[in-house]
There are 2 protein chains.
Amino acid sequence: MKNELHDILKIKSSELESVCRNQGLALTIQRRAILEALASRKDHPTADQVYEDISSRLKGVSRTTVYRVLETFVSLGIAKKISYPEAKARFDADTSRHHHLNCLSCGAVLDLHDPSLNDLRPPAGVEPEFAITDYSITFTGKCARCRKTEG
Amino acid sequence: MKNELHDILKIKSSELESVCRNQGLALTIQRRAILEALASRKDHPTADQVYEDISSRLKGVSRTTVYRVLETFVSLGIAKKISYPEAKARFDADTSRHHHLNCLSCGAVLDLHDPSLNDLRPPAGVEPEFAITDYSITFTGKCARCRKTEG
DNA sequence: TACTGCTTGACAATTTATGCCAAACGCAAT
DNA sequence: ATTGCGTTTGGCATAAATTGTCAAGCAGTA
């Protein structure tokens, strides 16, 4: 398991290096440290959690930098942002099982009612450890309007 | 279509009434207005958007109340919150297709790698209007630890 | 109609995130 | 190794989103 993490770090590190080289971006110690901190965790830390993780090693690092670098990683495809756009809480009065289309360009979240997606088999080996009560699928992509305006 | 919305409002309104009666909660005009505003929209408004919607009709209503009532609705099962816990942006260095287990009690978000869930057929009739590039399934429920401590 | 307790409104405080700009650093060419 | 350019960072100010507090007000019941 330890070796597994070590391998992940190595892979991620070289991914960062090649992406930076290709894009002409600087390979700063902040970017290295932030990626390493992110890849070392198996949960999904917030920007502040990453900041806490690295501020002990990299003293003097700015919170702003962590936010900024994480967004850079997302736009480079090195990391994913797990949340809805702008991270605002959104509410829905429709409590029936349904799914969502999330446009990455404009941030719109559209409903998707599709009965054929409503009977997914719960993944094997998860229950009964984790008691699943519901699920929802989020499809990400680009909506019709954004495709028109952005090509 | 107009009648459809009218029906939804009626259903939701009576749902609120029965839930409040059963739980001994007050059926305030604020709760009515907020639920009506929420159910009238087919998108997924933020708390502030709901506040904007009702503040014209219900003058003097407090932003705090809107936040509070929406959370109440979620805990009563009348509405859903479409976002990760606490609405913070979370990051993940694992960009491969995978899914999530979200504990409703403690807010933890766990990874779920399950190849059998990685080849979902894109829903019919959505593409090519909406260009889907990826998807992710979020299973909600209660994790092992919370089940132990909460029964 | 009066009582009782749940709810609300107003404001303060916190948390989360972004904008700005001078200083510092990475990188490539000497 | 040194220099110079352009990217990147740090610190701070600011905005945006959310939560905490508590007295005053309303809903539900007697």
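Here is a short report on the structure shown in this document. (Residues numbered from 1 in each chain as written. Chains lettered and ligands numbered in written order. Predicted model: local features only at pLDDT ≥ 70, side-chain atom pairs only at ≥ 80, totals over all residues. Heavy atoms only, no water.)

Some words on the overall build of chain A
Now for step 1: When helices and strands are tallied, chain A shows 5 helices and 5 strands.
Now for step 2: In chain A, the succession of α and β elements from N to C terminus is α-α-α-α-β-β-β-β-β-α.
Now for step 3: When the backbone C-alpha atoms are referred to their principal axes, chain A occupies close to 50 × 45 × 25 Å.
Now for step 4: Counting every atom, chain A has about 8,500 Å² of accessible surface; 52% of that belongs to carbon and sulfur. (Helix = DSSP H or I, 4+ residues; strand = E, 2+ residues; numbered from the N terminus. Areas by Shrake-Rupley, 256 points an atom, 1.4 Å probe, with all protein chains shown as cover.)

As for the pairing of strand 5 (residues 131–142) of chain A
Now for step 1: Of all 12 residues that make up strand 5 of chain A, 9 are buried, and the element is covered over most of its length.
Now for step 2: Strand direction decides the pairing type here: strand 3 (residues 99–103) of chain A and strand 5 of chain A, joined by 4 bridges, are parallel. Residue pairing in the sheet places histidine 100 of chain A in a bridge with threonine 138 of chain A of strand 5 of chain A.
Now for step 3: As judged from the 11 bridges shared by strand 5 of chain A and strand 5 (residues 131–142) of chain B, these two strands associate in the antiparallel manner. Note that in strand 5 of chain B the partner of isoleucine 137 of chain A across the bridge is isoleucine 137 of chain B. (Buried < 20%, exposed > 50% of the residue type's maximum accessible area, 1.4 Å probe, protein only. Pairing = 2+ DSSP bridges.)

Things to note about the protein's contact with DNA strand C
Now for step 1: Around DNA strand C there are 21 residues in total, and Leu27 of chain A together with Leu25, Thr64, Thr65 and Lys88 of chain B lie nearest to it.
Now for step 2: Each atom of DNA strand C within 4 Å of the protein was classed as base or backbone; sugar and phosphate made up 68%.
Now for step 3: Contact between DNA strand C and lysine 88 of chain B: a phosphate oxygen at 2.5 Å from a side-chain N or O atom of the residue.
Now for step 4: Every element with two or more residues in the surface near DNA strand C is listed here: helix 4 (63–76) of chain A together with helix 2 (29–40) and helix 4 (63–76) of chain B.
Now for step 5: Tallying contributions element by element places helix 4 of chain B first for the surface near DNA strand C, with 4 residues.
Now for step 6: The residue inventory of the surface near DNA strand C, partitioned by class, reads 9 nonpolar, 7 polar and 5 charged. (Near = heavy atom within 4 Å. Polar contact = N/O pair within 3.5 Å; in protein donor to acceptor, adjacent residues only side chain to side chain. Nonpolar A, V, L, I, M, F, W, Y, C, P; charged D, E, K, R; others polar.)

Observations regarding the relation of the copies chain A and chain B
Now for step 1: Overlay of chain A on chain B (RMSD 0.3 Å): rotation 179°, translation along the axis 0.0 Å. Such a turn and shift between the copies fits a two-fold axis. Among all C-alpha atoms of chain A, that of isoleucine 137 of chain A lies closest to the rotation axis, at 2.3 Å. (Least-squares fit on C-alpha atoms with pLDDT ≥ 70 in both.)

Regarding the interface of chain A and chain B
Now for step 1: The partner chain B presents 65 residues to the 66 residues of chain A that form the contact.
Now for step 2: Buried area between chain A and chain B, both sides added, is near 5,400 Å², and the carbon and sulfur share of it is 62%.
Now for step 3: At the junction of chain A and chain B, the tally comes to 2 salt bridges.
Now for step 4: The partner of aspartate 134 of chain B in a salt bridge is lysine 80 of chain A, and the shortest N-O contact between them spans 3.2 Å.
Now for step 5: Counting the contacts that link chain A with chain B gives 31 residue pairs in polar contact (both at pLDDT 80 or more).
Now for step 6: With 12 residues, the single largest contributor to the side of chain A that touches chain B is strand 5 of chain A.
Now for step 7: Tallied by class, the residues present in the side of chain A that touches chain B amount to 34 nonpolar, 15 polar and 17 charged.
Now for step 8: By the bridge criterion, 2 bridges tie strand 1 (residues 80–81) of chain A to strand 2 (residues 91–92) of chain B in an arrangement that is antiparallel. By the bridge assignment, lysine 80 of chain A is partnered in strand 2 of chain B with aspartate 92 of chain B. (Contact = heavy atoms within 4.5 Å. Buried area = accessible area lost by both parts, 1.4 Å probe. Salt bridge = Lys/Arg side-chain N within 4 Å of Asp/Glu carboxyl O.)

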